[in-house]
Amino acid sequence: MNRRTVRVLVCDDHAVVRAGLLALLGSEPDLDVVAEAGSGEEAVVLAARLAPDVVLMDLQLGPGMDGVEATRRITAGAGGSGGTDGSGTGPHVLVLTTYDTDADITRAIGAGATGYLLKAERPEELFAAIRSAAQGRTTLSPPVADRVMARLRTPPPALTERERDILGQLARGLGNRDIARTLFISEATVKTHLGRIYDKLGVETRAGAVAKANEQRLLP
């Protein structure tokens, strides 16, 4: 039985990578690369103009808009009124990247990505993921799926309301003295709460606490 042709937009800031992907996808008769983009801005414009079924999106795109923001705009409707599958929901975005950190995965999925694939996967896995994404089905590389499952099995640390308040001030870039003034507490109290926050999040620095809080969506 013949498969429906899937129209694909490839977005990667490396010309050699794009050329390789175009050649690879061109070997599959049901995968039609309608355009390529070298930046997030270009991907959003082309998605709006061409309404592909799937946008194959890298995350790190050099200066300007990154893949996460481009994904957010495309899936929110800024990139078009709908793919050719008749869903009217716009193109589906399949992330294809080398990055598999919790923060990258969380941001991409939160932005509306349908799937998250690593560039180390075999071509057959990529082809199958594109076809699944065109139908709105989620596909995750095994290492990514393992990370997602591990996070679901591990409950987020239980922070007190005061600790969440302090985390929020940390995210604003405030020092201990300014946090104390903002929350009407002493600097010594701020330091005590910070020590407990570090312990609960398993970090040792202010930047690490903010990064971990962003990953686990703990900020107020």
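The text that follows walks through the structure, step by step, so that each part is easy to find. (Residues numbered from 1 in each chain as written. Predicted model: local features only at pLDDT ≥ 70, side-chain atom pairs only at ≥ 80, totals over all residues. Heavy atoms only, no water.)

**Considering the overall build of the protein**
Per the secondary structure count, the protein includes ten helices and five strands. In terms of principal-axis extent, the alpha carbons of the protein reach across some 70 × 35 × 30 Å. A buried classification covers 43% of the 220 residues belonging to the protein. In the protein, the share of contacts with a sequence separation of at least 24, taken over all contacts with a separation of at least 6, comes to 63%. A total of about 11100 Å² of accessible surface is found on the protein, and carbon and sulfur atoms cover 52% of it. Treating the 26 positive side-chain charges of the protein as one cloud and the 28 negative ones as another, the clouds have centres 6 Å apart. (Helix = DSSP H or I, 4+ residues; strand = E, 2+ residues; numbered from the N terminus. Buried < 20%, exposed > 50% of the residue type's maximum accessible area, 1.4 Å probe, protein only. Contact = heavy atoms within 4.5 Å. Areas by Shrake-Rupley, 256 points an atom, 1.4 Å probe, with all protein chains shown as cover. Lys, Arg positive; Asp, Glu negative; His and termini not counted. Charge placed at Lys NZ, Arg CZ, Asp CG, Glu CD.)

**What to know about the environment of Leu 21**
Note that Leu 21 resides in helix α1 (residues 15-25). Overall, the relative accessible area of 10% leaves Leu 21 in the buried class. Taking the C-alpha atoms as reference points, Leu 21 and Asp 100, 79 residues apart in sequence, are found 20 Å from one another. When neighbours within four sequence positions are excluded, Leu 21 is seen to be in contact with Val 10, Leu 56, Leu 96 and Leu 126.

**Some remarks on the packing of helix α8 (residues 176-183) against helix α9 (residues 187-201)**
Their axes nearest at 8 Å, the elements α8 and α9 cross at an angle of 105 degrees. By the angle between their directions, the pair α8 and α9 is classed as roughly perpendicular. Each of Asn 176, Arg 177, Ile 179 and Ala 180 in α8 lies in contact with α9, whose residues at this interface are Glu 187, Val 190, Lys 191 and Leu 194. Looking at the contact of α8 with α9 residue by residue, the class counts come to four nonpolar, one polar and three charged. (Axes fitted to C-alpha atoms, helices over the stretch in contact; angles between N-to-C directions. Parallel < 35°, antiparallel > 145°, perpendicular 65-115°, else oblique. Nonpolar A, V, L, I, M, F, W, Y, C, P; charged D, E, K, R; others polar.)

**Remarks on the pairing of strand β3 (residues 54-57)**
Alternating residues of β3 divide into Val 54 and Leu 56 and Val 55 and Met 57, and every residue in both groups is buried. Bridge count between strand β1 (residues 6-11) and β3: four bridges; the pairing is parallel. Considered in β3, the bridge of Leu 9 is made with Val 55. Across four bridges, the pairing between β3 and strand β4 (residues 92-97) is parallel. (Pairing = 2+ DSSP bridges.)

**Observations regarding the sheet that holds strand β5 (residues 115-118)**
Through backbone hydrogen bonds, the strands of a sheet pair up, either in parallel or in antiparallel fashion. Judged by pairing direction, the sheet is parallel, and its five strands sit side by side in the order β2-β1-β3-β4-β5 without closing on themselves. This sheet does not close on itself; its edge strands, each paired only once, are β2 (31-37) and β5. Neighbour-to-neighbour, the strand axes of the sheet open up by a mean angle of 25 degrees, direction not taken into account. On the sheet, helix α2 (residues 40-50) packs against β1, β2 and β3 and is oriented at approximately 135 degrees with respect to β2.

**Notes on the packing of helix α7 (residues 161-171) against α9**
A pair of packed helices is captured by two measures, namely the crossing angle of their axes and the spacing between those axes. Two elements in contact, α7 and α9, have axes separated by 10 Å at closest approach and are oriented at 95 degrees. Viewed along their axes, α7 and α9 adopt a mutual orientation that is roughly perpendicular. Judged by residue contacts, Arg 162, Glu 163, Ile 166, Leu 167 and Leu 170 of α7 engage Val 190, His 193, Leu 194, Arg 196, Ile 197, Lys 200 and Leu 201 from α9.

**Structural notes on α1**
Residues of α1 that are buried include every one of Arg 18, Leu 21 and Leu 25, and no others. What you see down the axis of α1 is that its buried residues fit within an arc of 65 degrees, all on one side. Turned more than 90 degrees away from the buried face of α1, the exposed residues are Val 16 and Ala 23. As for α1, its buried residues are in contact with β1, β2, β3, β4 and α5 (123-134). (Arc of directions from axis to C-beta.)

**A word on the nonpolar core**
Ranked by internal contacts, the top residues of the largest apolar core, which has 18 residues, are Leu 167, Leu 170, Ile 179, Leu 194, Ile 197, Leu 201 and Ala 209. Here the element with the most residues in this core is α9; it accounts for five residues. Setting aside residues no more than four positions away along its own chain, Leu 201 makes contact with Pro 157, Leu 167, Ala 209, Lys 212 and Leu 218. Formed by 17 residues, the second largest nonpolar core is a distinct cluster that contains Val 8, Leu 56, Ala 129 and Ile 130. (Core = buried A, V, L, I, M, F, W, Y, C linked by side-chain atoms within 4.5 Å.)

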